[in-house]
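Here is how the chains run, residue by residue.
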Amino acid sequence: MNFNTLMPERLKIYYCKELELYREYLNKKELPKAWQQLERAHVLGQPYPFQHSEVHWLMLKFGIRIKSTKEIIGQIPRLLVGGVKSFVGRIPVGNTGGANVPPLKSMPIEKELLDIIEKSKIESKAS
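Here the structure is a predicted model, which is why all the values come from computation and not from measurement.

Draft legend 1. Molecular detail of the side chain of serine 86. In this structure, serine 86 sits in helix H4 (residues 69-87). Leave out the neighbours within four places in its chain, and serine 86 touches Asn4, Gln46, Pro47, Tyr48, Pro49, His52 and Ile91.

Draft legend 2. View of the packing of aromatic side chains. A complete count under the given rule lists two aromatic pairs for this structure. For the pair tyrosine 22 and phenylalanine 62, a centre-to-centre distance of 6.5 Å together with 55 degrees between the ring planes defines the contact as tilted. One end of the pair, tyrosine 22, is in helix H1 (residues 9-27); the other, phenylalanine 62, is in helix H3 (residues 49-65), and 40 residues separate them in sequence. For tyrosine 22, a relative accessible area of 4% translates into the label buried. Assessed through its relative accessible area of 5%, phenylalanine 62 is described here as buried. Centroid distance tryptophan 35 to phenylalanine 62: 5.1 Å. Interplanar angle 40 degrees. Geometry classified as tilted. With a gap of 27 residues between them, tryptophan 35 in helix H2 (residues 31-45) and phenylalanine 62 in helix H3 connect regions that are remote in the sequence.

Reading guide: rules and limits
- Residues numbered from 1 in each chain as written.
- Predicted model: local features only at pLDDT ≥ 70, side-chain atom pairs only at ≥ 80, totals over all residues.
- Heavy atoms only, no water.
- Helix = DSSP H or I, 4+ residues; strand = E, 2+ residues; numbered from the N terminus.
- Contact = heavy atoms within 4.5 Å.
- Phe/Tyr/Trp six-rings, centres within 6.5 Å; stacked < 30°, edge-to-face > 60°.
- Buried < 20%, exposed > 50% of the residue type's maximum accessible area, 1.4 Å probe, protein only.

The following block contains the structure:
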């Protein structure tokens, strides 16, 4: 069994950039764009317990902000279980994390994010 704990620094740069963009769009009240950045951060952070849980926490807060009962209810179990599933390496790869998708459904990863993930894996092995 593969235990994931720390996100590689190279990948963390991209993850943090997605969250930075999320906050920028949120402050501008560009909610669809803000949500898209959370989904992208989820895909990047999903294999790592802390980042996975952090994104679900932000998604829960987003659901509260937009008064979406569906998102609030959908995020609570994801927040409680997501980090554990990341830790033991049992995640639905590519899942964007919102209540609008089944929590255990794997999804295709958009090319840009897939390239970032693959590049960070190669760089992590080289160091």
